[in-house]
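Given next are the chains, with one letter for each unit.
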Amino acid sequence: MVAFRSLWLLLPRRVRQLPADLAAVVALVIATNIAVLVPVIRETPLRVPIGLAFVLFVPGYAFIAALFPEADETPASATESTPPDGRTIVDDSDPDGWDDSIPSRPGIDGIERVALSFGLSIAIVPLIGLVLNFTPWGIRLVPIVVSVSVFTLGSTVVAAERRRELPVDERFQVPYREWYIAGRTELLEPDTRADAALNVLLAISVVLAVGSVGYAVMGPADGEQFSAIYLLTEDDDGELVADDYPTEFIQGESQELIVGIDNHEHKTTEYTVVVLEQDVEVVENETATSDGDTNTTVNKTVVRDQRELDRFSTTIAHNESWTHEYTLEPTMTGESQRIVWLLFPDGDVPAEPAMGDTEYAVHLWVSVSDS
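Computed from a predicted model, the values in this text were never measured in an experiment.

Q: Where do I start with a negative patch on the surface in this structure?
A: Judged by side-chain charge, Glu234, Asp236, Asp237, Glu239, Asp243, Asp244, Glu256 and Glu325 come together as a negatively charged surface patch. By the secondary structure assignment, glutamate 325 is in strand E9 (residues 321-328).

Q: Please explain the pairing of strand E3 (residues 226-234) as it appears in this structure.
A: Within a regular beta strand, the side chains point alternately toward one face of the sheet and then the other, so they alternate between its two faces. Where E3 and strand E6 (residues 255-264) come together, 7 bridges link them in antiparallel fashion. Of the residues in E6, the one forming a bridge with leucine 232 is isoleucine 258. Taken together, the 2 bridges between E3 and strand E4 (residues 240-241) define a ladder with antiparallel strand orientation. Counted as the bridge partner of threonine 233 is valine 241 from E4. Counting the residues in the hairpin turn of E3 and E4 gives 5 residues, including glycine 238, whose phi is positive at 85°.

Q: Help me understand the nonpolar core in this model?
A: The nonpolar side chains of a soluble globular protein tend to be buried with one another. Among the nonpolar cores identified, the biggest contains 21 residues, and Ile229, Leu257, Val273, Tyr326, Leu328 and Trp341 are the most heavily contacted of them. Of all the secondary structure elements, the ones that give two or more residues to this core are E3, E6, strand E7 (269-288), strand E8 (295-316), E9, strand E10 (334-345) and strand E11 (360-369). Top contributing element to this core by residue count: E11, with 5 residues. In contact with valine 273, other than residues within four places in its own chain, are Ile229, Ile261, Asp310, Arg311, Phe312, Trp341, Leu342 and Leu343. Formed by 14 residues, the second largest nonpolar core is a distinct cluster that contains Val58, Ile124, Ile128 and Leu132.

Q: What is the right way to read the pairing of E6 from this model?
A: Burial of E6 is extensive: 7 of the 10 residues sit out of reach of the surface. Pairing of E6 with E9, which is carried by 8 bridges, proceeds in the antiparallel orientation. By the bridge assignment, isoleucine 258 is partnered in E9 with glutamate 325.

Q: When you look at the side chain of arginine 163 in this model, what are you seeing that I'm missing?
A: If you trace the backbone, arginine 163 turns up in helix H7 (residues 141-164). Dropping the residues within four chain positions of it, arginine 163 is found in contact with Pro19, Asp21, Leu22, Tyr61, Ala65, Pro69, Arg171 and Phe172.

Q: Explain helix H6 (residues 110-132) to me, please; I cannot follow it from the model alone.
A: The first and last C-alpha atoms of H6 sit 32 Å apart over 23 residues, in line with the 33 Å expected at 1.5 Å per residue. Of all the residues in H6, the buried ones are Arg113, Ser117, Ser121, Ile124, Val125, Ile128, Gly129 and Leu132. The secondary structure elements touched by the buried residues of H6 are helix H4 (47-56), helix H5 (58-67) and H7.

Q: What is the right way to look at the pattern of salt bridges in this model?
A: Side chains that differ in charge, positive against negative, can pair when their charged atoms come close. Counting across every chain of the model gives 7 salt bridges. The salt bridge partner of aspartate 346 is lysine 267, with a shortest N-O separation of 3.8 Å. With aspartate 346 in the loop between E10 and E11 and lysine 267 in the loop between E6 and E7, the pair connects residues that are 79 residues apart, well separated along the chain. By relative accessible area, which is 47% here, aspartate 346 ends up partly exposed. Ionic pairing is found between glutamate 308 and arginine 311, a salt bridge with its closest N-O pair at 2.8 Å. Looking at glutamate 308, the relative accessible area reads 38%, which means it is partly exposed.

Calculation rules
- Residues numbered from 1 in each chain as written.
- Predicted model: local features only at pLDDT ≥ 70, side-chain atom pairs only at ≥ 80, totals over all residues.
- Heavy atoms only, no water.
- Patch = residues over 30% accessible without salt bridge, like charges linked within 9 Å, V, L, I, M, F, W, Y side chains within 5 Å.
- Areas by Shrake-Rupley, 256 points an atom, 1.4 Å probe, with all protein chains shown as cover.
- Salt bridge = Lys/Arg side-chain N within 4 Å of Asp/Glu carboxyl O.
- Lys, Arg positive; Asp, Glu negative; His and termini not counted.
- Charge placed at Lys NZ, Arg CZ, Asp CG, Glu CD.
- Helix = DSSP H or I, 4+ residues; strand = E, 2+ residues; numbered from the N terminus.
- Pairing = 2+ DSSP bridges.
- Core = buried A, V, L, I, M, F, W, Y, C linked by side-chain atoms within 4.5 Å.
- Buried < 20%, exposed > 50% of the residue type's maximum accessible area, 1.4 Å probe, protein only.
- Contact = heavy atoms within 4.5 Å.
- Expected span 1.5 Å × (residues − 1).

This is how it looks when you write it as structure tokens:
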């Protein structure tokens, strides 16, 4: 405790005097950045509730706090009150004695503040994403988190400074202590036994509801676990695109392409990629319908020869992507050569891998000449 107090005193005075609600905003911004950027923590379900609060509530709340630093009602003295038209009455005994020189400071109440916080957050975050779309960083996770964090912290600084400029009794404050006293009295000091039983049932219902929602949000569904492998190339602007693949080769010549892997297995997974080179023949078969009148042509792919070109491994965290610059150099010649990339999660690779051994595969048709 002494060490914590010593560290607390090392902080600047303005930081120590930060209002409790704005300090909670800063703490949530820091927690969100840790949950997103720290490798160990970002794999846990903790990032889901923190991320939702960060996106849907915090930016709007900080912005509203900067716009409305005052409380919902300006406290009146014993000889002052505020009429509907915004002027201040100096003497309650004289209803005609309005003083136009002292304007009132109307604010917003707690319900309006919360509602506007949600609404503005839903508007602010897409606008930040729209601006990022025209920057070199683009709409990606890290730029979005950093940009929203900068906006939120900037609004928090403005809100704190504007509150300091107001008299203490006019500043907005979240009534934590009043809520705590009222809740404690209601739960621990009920008027009747019936109220006590209802309080117990209410507490059990809240715990069950929170547990159910938390499990539904943070518990992954069985059908959503999958991986993906794909091929990309780099265009003239340096962007990765799924187009313009190299298809014409000369034996001994190599060309570059990009192999990409996505992990949606809800866990950190070790992947092994096996690259096969196949000499393929496409055979046309005619089949007849049940009435014997109509014939249908079906193409059948026959692998005449197969060689393993390469294999490599990598480990990817959940919900992350990985790209690898691969140098492709076929060794067989012919016009019907197929290069296959087989993806095996958890490193479970058969002794002689084939396309039927995994559900994750991608292939490229190439033509290889000997000169």
